Amino acid sequence: LSLEDCIVDVLVDPESLEELGREFGFDGEGQFCHAGVLDCTRWIYDDLQRHGILEQLLLGDNAEFPNYKLRIVGHSLGAGCAVLLSCMMRRTYPNLRCLSYSPPGMFITWKLATECRDFVTSFVLDSDFIPRLSVQNMEHLRNEVLELIGRIKVPKIEVIQTLFKETVGHEDGHGCGTSLCCCSGETHHGDAEYYAQMNDDMLHPRDSVPQDTAFARKLEQFKLIQSERKRRRGELREVKMYPPGRIVHLVKIGQRKSCLHGLGKCITCGMTNAGSEYTPIWAENDDFNEVVMSPTMWTDHFPNRVCLEIEKVATEAFGLDISGGSVDHHSGSMGETV
């Protein structure tokens, strides 16, 4: 999450993995990878080779821990590096496993993204933006937003007020005695008829959007310009890439309601996940093919949140003992390190 990481993330041009595959014994023919991730992984591998750390620990007659197995772990940009590093090192460490937390979406092409399932497991928290990040998804989101703006038939301030009320709370004057109390009052989450009516009240139907407005004319001009730019970019930028391995998607299924949780949502404008309940499901690599607009779409990427929610699922859903992990949820103190 550093500035350097953000700069690397921007290097989204796909880079061929054929040469890397030949060097490290995997099939990289016709496969591509995020160029920034590839550069970072090369640097990590060279650094490991220069210091010989893994060889001292795991390999040879004089290894300190010859019976240990290698686990490679990373988050975000580091998750992409961990996966690619695992592909590079499997020939030397055939029993290695990789845990990839919140990996980048525009990371690796389909063949390698799915073939690495035997040794890579990825974790995505709910509406996390990064595993859905790709050139195609961002272009699709941009087009949808512009088309929605063109369909609005009420003052923009009314749209903003409605979205704020639906995200943070309801002006009902009940609950904690505040106008934005989120712990009680009528809610409409999951009410399809309510939201359909709200859309009808605020938006023109798709087939009857006014075309004689200044915005509509500017939008058509913008589409022509973007189409030409896309043509000039060439086919390489259109290569589709995906998050890697077997993917565990922690999906939000409910929300505990209390005055404390409501206050937290009010203070953070809905960006907190305090009180949220999640369940793990297996997801396919191409399930993250659109950006999900959510108040937590960015904060779901934070490593502390991912860690805590995985620990909660482990203890509450599977009854696992995580006393040696990062947090003891019963006492709120730091757990014992193992």
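Treat the numbers as computed from the prediction; the structure is a model and nothing was measured. Residues take numbers from 1 onward in each chain, read along the sequence in its written order. Only residues with pLDDT of 70 or above have their local features reported here, since the model is predicted, and side-chain atom pairs are shown and tallied only from 80 upward, although totals for entire chains, interfaces and linings are computed over all residues. To obtain the side-chain values, all non-hydrogen atoms of the structure were included, while hydrogens and water were left out.

**Section: the pairing of strand β5 (residues 120–125)**
- Counting buried residues along β5, 5 of its 6 residues qualify, which places the element largely inside the surrounding structure.
- Strands are treated as partners if at least two bridges between them are detected by DSSP. Helix and strand labels come from DSSP, where a helix needs a run of H or I of at least four residues and a strand needs a run of E of at least two; each type is numbered from the N terminus. Sheet topology places strand β4 (residues 97–101) next to β5; 4 bridges connect them, and they run parallel. Bridge assignment links tyrosine 101 to a residue of β5, and that residue is phenylalanine 123.
- Of the crossover connections in this fold, the one passing from β4 over helix α6 (residues 110–115) to the parallel β5 is right-handed.
- In this structure, β5 lies alongside strand β6 (residues 246–255), joined through 5 bridges in parallel fashion. Residue exposure (1.4 Å probe, protein chains only): buried if accessible area is under 20% of the type maximum, exposed if over 50%, otherwise partly exposed. Here, the term right-handed applies to a crossover whose path from the first strand over the helix to the second runs clockwise when the strands point away from the viewer.

**As for the packing of helix α3 (residues 35–51) against helix α5 (residues 77–89)**
- As a rule, the C-alpha atoms of each element are fitted with a line to give its axis, helices using only the stretch in contact, and angles between N-to-C directions run from 0 to 180 degrees. It is the contact of α3 with α5, at a shortest axis distance of 9 Å, that shows an interaxial angle of 60 degrees. With respect to each other, α3 and α5 are oriented oblique. In this structure, the crossing between α3 and α5 has a hand that is right-handed. Note on element contacts: α5 touches α3 through Leu77, Gly80, Cys81, Leu84, Leu85, Met88 and Met89, opposite Val37, Leu38, Cys40, Thr41, Ile44, Tyr45 and Leu48.
- We call Asp, Glu, Lys and Arg charged. Ala, Val, Leu, Ile, Met, Phe, Trp, Tyr, Cys and Pro are nonpolar, and the rest, Gly among them, are polar. Partitioning the contact of α3 with α5 into residue classes produces 12 nonpolar, 2 polar and no charged. If an angle is under 35 degrees, it is roughly parallel; if it is over 145, roughly antiparallel; if it lies from 65 to 115, roughly perpendicular; otherwise it is oblique. Crossings are sorted by hand: turned counterclockwise from the far helix by less than a right angle, the near helix makes the crossing left-handed, and turned clockwise it makes it right-handed. Contact definition: two residues touch when any of their heavy atoms are within 4.5 Å.

**Remarks on a nonpolar patch on the surface**
- Patches draw on residues past 30% relative accessible area with no salt bridge. Two like charges within 9 Å are joined, as are two nonpolar side chains (Val, Leu, Ile, Met, Phe, Trp, Tyr) within 5 Å. Method for areas: the Shrake-Rupley scheme with a 1.4 Å probe, in which residue coverage is limited to the protein chains shown. Criterion for a salt bridge: a side-chain nitrogen of Lys or Arg within 4 Å of a carboxyl oxygen of Asp or Glu. A surface patch of nonpolar side chains, amounting to about 210 Å² of accessible area, comprises Val145, Ile149 and Phe215.
- Inspection of the secondary structure puts valine 145 in helix α7 (residues 135–151).
- Residue valine 145 is classed as partly exposed on the basis of its relative accessible area of 40%.

**Regarding the side chain of asparagine 137**
- Relative to the elements of secondary structure, asparagine 137 occurs in helix α7.
- If we skip the residues at most four places from it in the chain, asparagine 137 touches Arg132, Phe288, Asn289, Glu290 and Val291.

**Some remarks on the confidence of the model for the protein**
- One number per residue, pLDDT, summarises how confident the predictor is, and it ranges from 0 to 100. Looking at the protein as a whole, the pLDDT averages 81, with 78% of positions reaching at least 70.
- Taken as a whole, residues 170–186 scores under 50 in pLDDT and shows 33 contacts with residues more than four places along the chain or in a different chain.

**Focus: the pairing of β4**
- Only one face of β4 is covered, namely the one carrying Cys98 and Ser100; the face carrying Arg97, Leu99 and Tyr101 has none of its residues buried.
- In the sheet, strand β3 (residues 71–75) pairs with β4 via 5 bridges, with the strands oriented parallel. Bridged to histidine 75 within β4 is tyrosine 101.
- Crossover β3 to β4 through α5 is right-handed.

**A look at the pattern of salt bridges**
- For the structure on display, the rule yields 8 salt bridges.
- One salt bridge connects lysine 223 with glutamate 147, and the closest N-O pair in it is separated by 3.8 Å. One end of the pair, lysine 223, is in helix α10 (residues 214–233); the other, glutamate 147, is in helix α7, with 76 residues separating them in the sequence.
- The class of lysine 223 is partly exposed, set by a relative accessible area of 34%.
- The class for glutamate 147 is partly exposed, based on a relative accessible area of 34%.
- Put simply, Asp27, Lys111 and Glu115 are held in one network by salt bridges that share partners.

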